[in-house]
Amino acid sequence: MKHRTFELSLERGDLLPLLLMMPTLAIILFIMIVPLVYGLFLTFFEAGFGLSGTSDFAGLGNWERFFQDETSLKSALNTVCFALGATAGDLFLGTICALLLVKLPRMFSSVFRPIVTMPLLVSPVVVGLIWRYIYDPRGILYYFLGLFGLGIEDFPGVTMPSTALLSTIIAHWWQVTPFVVIVLTAGLLSIPDEYYEAARIDGAGAFNVFFRITLPQLRNVYMTILVISGVDTIKIFDIIYALTGGGPNNSTISLSIYGYNQAFVQSNLNYAMVISIMTMVLSFVIFGIPFVRNNIAGNKE
């Protein structure tokens, strides 16, 4: 009798899917939602990190401070510039490298693919330290520039605010472009050869083939890379912290670095939470909305 009752509940089909989802929903609730709500709650109070006693209610004071703080606005601008420049470079360089690897004979591509992916195995902090030595005035970069009659006055690297942010973006390209190459190579190999054969029969050139066949077929792959790599650039911390520490003159300071300084150096946890939430908002606006719109457009098709 009990077995039959359970079968009837399955036929009605309401409880079993919900019960199976409950463990996952509980994990999401207690690991993601609860800390997020608590962090948002902290932004309306004033209290130092690790200090005992009651907190003073600040209302929207911490939020007003963010939009009046020149350093926070500078860090937000640096974060957006870094995210856009780093992501655009990752996609551009990754596309070129992936197309070249696909065109190579299998014997050569099997050798070059592991070599290309090696920077992914390096810790971002170590990447920052590596490029710190590369950008040293006595480092390898200026040795090669010297061969062409150039010096540190032509490209100051991380020593001047005008080129410091670009220098950190180049270091990011070096590490993350291999990830894009791996994903795009898999996407390129999944495109049916019949599409390219039909294009060759029609006499289509290489650019027409890329923009009319390859690029549309890789749209979802690009959107996935955009979200994964883009969100990572918005919350960038380790490479910049190891390479420049946010300097010179706050020219490379990001929201994550500024939030870290406020929380653990200035002991201002509440204001640091405002910075963290603004980082999340920027991440959703720049990379989350395009991803959602792409999914909606794909479902309509």
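A. Inspection of the overall build of the protein at higher detail. If you tally the helices and strands in the protein, you get 14 helices and two strands. Each of the 301 residues in the protein was classed as buried or not, and the buried ones make up 36%. For the protein, long-range pairs separated by at least 24 residues make up 68% of all intrachain contacts whose partners lie at least 6 apart in sequence. Put simply, the protein shows about 18,500 Å² of open surface, and 68% of that area lies on carbon and sulfur atoms.

B. Summary view of the side chain of D90. By the secondary structure assignment, D90 is in helix α4 (residues 70-103). Buried charged residue D90 carries no salt bridge. Nearest counter-charge: K235, at 13 Å. Separated by 3.5 Å, the side chains of D90 and H172 make a polar contact. Ignoring sequence-local partners within four residues, the contact set of D90 consists of H172, W173, V176, T177, V180 and S229.

C. Region of interest: the pattern of salt bridges. On inspection of all chains with the given rule, the structure shows one salt bridge. The closest approach of N and O atoms between D136 and R138, which form a salt bridge, is 3.7 Å. In this structure R138 comes out as exposed when scored by relative accessible area, which is 77%.

D. Representation of the nonpolar core. Membership of the largest hydrophobic core comes to 26 residues, with the highest contact counts inside it found for F66, F82, W131, L243, Y271, V274 and I275. Listing elements by their share of this core, those giving two or more residues are α3 (61-68), α4, α6 (124-134), α8 (161-189), α12 (238-243), α13 (255-265) and α14 (269-300). Core analysis: the second largest hydrophobic core is formed by 20 residues, A83, I213, I234 and I286 among them.

E. Seen up close, unusual backbone geometry. Of note, the amide linkage connecting G247 to P248 takes the cis form, showing an omega dihedral of -5°. Examined against the element boundaries, P248 turns out to sit in the loop between α12 and α13. The phi dihedral of N250 falls on the positive side, at around 60°, and the residue is not glycine. In this structure, N250 sits in the loop between α12 and α13. Phi angles above zero are rare outside glycine, and S267 is one such case at about 55°. Locating S267 in the fold gives a position in the loop between α13 and α14.

F. Spatial organisation of α6. When we look at burial in α6, the residues that qualify are V127, G128, W131 and I134. Buried residues of α6 fall within an arc of 115° about the axis and therefore sit on the same side. In this fold, the buried residues of α6 make contact with α7 (140-147), α8 and α12.

So, how was this worked out
Residues numbered from 1 in each chain as written. Predicted model: local features only at pLDDT ≥ 70, side-chain atom pairs only at ≥ 80, totals over all residues. Heavy atoms only, no water. Helix = DSSP H or I, 4+ residues; strand = E, 2+ residues; numbered from the N terminus. Buried < 20%, exposed > 50% of the residue type's maximum accessible area, 1.4 Å probe, protein only. Contact = heavy atoms within 4.5 Å. Areas by Shrake-Rupley, 256 points an atom, 1.4 Å probe, with all protein chains shown as cover. Lys, Arg positive; Asp, Glu negative; His and termini not counted. Salt bridge = Lys/Arg side-chain N within 4 Å of Asp/Glu carboxyl O. Polar contact = N/O pair within 3.5 Å; in protein donor to acceptor, adjacent residues only side chain to side chain. Core = buried A, V, L, I, M, F, W, Y, C linked by side-chain atoms within 4.5 Å. Arc of directions from axis to C-beta.

Keep in mind these numbers describe shape, not what the thing actually does.
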